[in-house]
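Listed below, chain by chain, are the residues.
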Amino acid sequence: MFRFIVLLILFSFSVISAQAQWTRVFPTPYRYVDMDFYDENIGFIVSLEEVSKSIDGGNTWEPVIIPGSTPYYSDIVMIDRDIIWNVSGGYVKSPGNGIVCKSEDGGSTWEVKLVDIELDLYELYFFDENIGFLSTNDPRYYSTTDGGETWTLSDEMPPNWINNFHFINEDTGWICGGGDFLYIARTTDGGISWETQLSDTLPEYSTVTDIEFVNDLKGFASSGNRTLLTTSDGGETWEYLSTYQNAGVLLGLPADYRIMDIEFIDENLGWITGGPC
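Residues numbered from 1 in each chain as written. Predicted model: local features only at pLDDT ≥ 70, side-chain atom pairs only at ≥ 80, totals over all residues. Heavy atoms only, no water.

(A) View of the nonpolar core. Phe-44, Val-51, Ile-66, Ile-76 and Trp-110 are the most contacted members of the largest nonpolar core, which totals 15 residues. Mapped by element, the contributors of at least two residues to this core are β4 (43-47), β7 (73-78) and β9 (98-103). Considering each element in turn, this core owes the most residues, three residues, to β7. Leaving out residues up to four positions away in the same chain, Phe-44 has contacts with Met-35, Asp-36, Val-51, Ser-52, Lys-53, Trp-61, Val-64, Ile-76, Met-78, Ile-84 and Gly-106. Ile-131, Phe-133, Met-157 and Phe-165 belong to the second-largest nonpolar core, a separate cluster that totals 13 residues. (Core = buried A, V, L, I, M, F, W, Y, C linked by side-chain atoms within 4.5 Å. Buried < 20%, exposed > 50% of the residue type's maximum accessible area, 1.4 Å probe, protein only. Helix = DSSP H or I, 4+ residues; strand = E, 2+ residues; numbered from the N terminus. Contact = heavy atoms within 4.5 Å.)

Encoded structure:
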């Protein structure tokens, strides 16, 4: 069984010099797997055991109770200050435990919106209040166009599994994952079709765990083995900011750490979370 200690770090990135500064702000004994910030102060973070909320930029956190959810939380999404989505049932040994819950009052009360008795559910992404995508322990994903009232399961995708999504408008978005390789693809038709932009099978790299774009050109992606990537042309080409070979120097991460999730407010300010396993 994995033992995961959180690494929640403030990231300051310079586009010109490609240098980064990191500050450790919230070490705990939990395995944290996802986070989302609405602005520089208000955010949620998810461990396998609990969901927590911060209103001071991640310096302090308070537990959030979600009735109807199941153990092994896997994701949290903030549409705005009030509308919050939570996914639980991921990372479970037996499949069919996926539950999606929604809050419309900033996390005070919750309603179950999706239960899957066959698949585990992992990463949830909403472009706006209505259009959303949800990954599973399968080469397929769920999508919704009515704010999560109904969900449609897709056809199979190329990677062994899909980890996350990011859209900049209703049509243009990215999907990431892999399994034993790095996989990134882009859609320009709202997810009807996908074009592969990165498929790196080098053995020292693992699946792409998360992807974020701050505009239609500038984006970031993370992977296990302490890998960070960036693009300045909408994903046509990707630059490795760090790999398992140099992350100790660039990011100050020990050799056994993995990066699980990234969150960027703009090109300069962002967070990563992860830890050893």
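(B) Spotlight on the pairing of strand β15 (residues 161-167). Of all seven residues that make up β15, six are buried, and the element is covered over most of its length. One ladder, built from six bridges, connects β15 with strand β16 (residues 173-178); its direction is antiparallel. For His-166, the partnering residue across the bridge sits in β16 and is Trp-174. The antiparallel hairpin formed by β15 and β16 contains five residues in its connecting segment. (Pairing = 2+ DSSP bridges.)

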